[in-house]
Amino acid sequence: MKVIQLWDKAIRFYHWSQLLLLAGLWFTADQGYLVVHQVLAYSLAAILLGRLIWGFVGSETARFSHFLQSPFQLVRMWNKAKHGIGHRGLSGYMSLALMTLILLQFISGLMTTDDVMTEGPLYASVSSDWSSFASWFHHNNFDLLLILIAVHVVAALVHGVRKDGVLGAMLHGKLNTDAQQPVIKSSRWYLLLVLVFAGVFALWQGLSLYQQW
């Protein structure tokens, strides 16, 4: 057994920032703070889009090719998937599901309106039917997200009870295991991606958000 670096700073930054931003989005939507809600939504989209790219070019344990297996492989190699390092087996599918639903949540939000003050930037570009569907999806998809997050939290608590180091690894990045050290890349490239996407969103909607403020 030895201590390895399991998660890079990019993955840990994304994981905890995603949690905080989702909580903020829930609160601001419930309280009607729609401008702040939009700022948080663009922030979440920036770290998510950076994470999607990092899933192809980032550290070994961050790559989709590392933790996503076909259903056939998942069944055939179930024990190996369960005991491998990183998001393996069903946890890989959970990670992908959360990222997909968050992306769809963001896109649908761009096409919605509160019918009072705020319209998404794509609202005028789609038909009323599409906007109505987007509004319905935006509301109900968040409920689905909450369910998946609850399942994710329960799984994390189970790992905590087992004291297998998985929960702690998402805090400090290290794990005590007999597995080989995965390739870890510098997280500054991920942060650069996030800044680029944040800059694009600021140029696109920054003035509009400022005027609504």
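Computed from a predicted model, the values in this text were never measured in an experiment.

**Considering the environment of aspartate 178**
Following the sequence through the fold, aspartate 178 ends up in the loop between β2 (174–177) and α9 (188–212). When the C-alpha atoms of aspartate 178 and phenylalanine 64 are compared, they prove to be 22 Å apart, with 114 residues separating the residues in sequence. Ignoring any residue separated from it by four or fewer positions in sequence, one finds aspartate 178 in contact with Met1 and Lys2.

**Quick look at the packing of helix α2 (residues 34–57) against α9**
At a minimum axis distance of 8 Å, the contact between α2 and α9 shows a crossing angle of 155 degrees. Relative to α9, the element α2 lies roughly antiparallel. Along this stretch, α2 crosses α9, giving a crossing that reads as right-handed. Within the contact between the two elements, α2 uses Val35, Gln38, Val39, Tyr42, Ala45, Ala46, Ile47, Leu49, Gly50, Arg51, Ile53 and Trp54 and α9 uses Trp189, Tyr190, Leu193, Val194, Phe197, Ala198, Phe201, Trp204, Gln205, Leu209 and Gln212.

**With respect to the nonpolar core**
In terms of nonpolar packing, the biggest core is built from 39 residues, with Tyr14, Leu44, Ile47, Ile102, Phe106 and Tyr190 touching the most fellow members. Contributions of two or more residues to this core are made by α1 (9–31), α2, α3 (64–67), α6 (90–109), α7 (128–162), α8 (166–172) and α9. The element best represented in this core is α2, accounting for ten residues. The residues contacting phenylalanine 106, other than those within four sequence positions of it, are Ala41, Tyr42, Ala45 and Phe201.

**Observations regarding the packing of aromatic side chains**
Taken as a whole, this structure holds 13 aromatic pairs when the rule is applied. The interplanar angle of 40 degrees and the centroid separation of 5.3 Å between the aromatic rings of tyrosine 42 and phenylalanine 201 together place this pair among those described as tilted. In this pair, tyrosine 42 sits in helix α2 while phenylalanine 201 sits in helix α9, placing the two residues 159 residues apart along the sequence. Phenylalanine 201 matches tyrosine 42 in its accessibility class, with the two residues each being buried. Where tyrosine 42 meets tryptophan 204, the ring centres are 6.3 Å apart and the plane angle is 75 degrees; that geometry is what we call edge-to-face. One end of the pair, tyrosine 42, is in helix α2; the other, tryptophan 204, is in helix α9, with 162 residues separating them in the sequence. A relative accessible area of 39% places tryptophan 204 in the partly exposed class. Chaining the aromatic ring pairs together yields one cluster made of Tyr42, Phe106, Phe201 and Trp204.

How each quantity is defined
Residues numbered from 1 in each chain as written. Predicted model: local features only at pLDDT ≥ 70, side-chain atom pairs only at ≥ 80, totals over all residues. Heavy atoms only, no water. Helix = DSSP H or I, 4+ residues; strand = E, 2+ residues; numbered from the N terminus. Contact = heavy atoms within 4.5 Å. Axes fitted to C-alpha atoms, helices over the stretch in contact; angles between N-to-C directions. Parallel < 35°, antiparallel > 145°, perpendicular 65-115°, else oblique. Left-handed = near helix turned anticlockwise from the far one by under 90°. Core = buried A, V, L, I, M, F, W, Y, C linked by side-chain atoms within 4.5 Å. Buried < 20%, exposed > 50% of the residue type's maximum accessible area, 1.4 Å probe, protein only. Phe/Tyr/Trp six-rings, centres within 6.5 Å; stacked < 30°, edge-to-face > 60°.

Interpretation in functional terms is not warranted from these geometric data alone.
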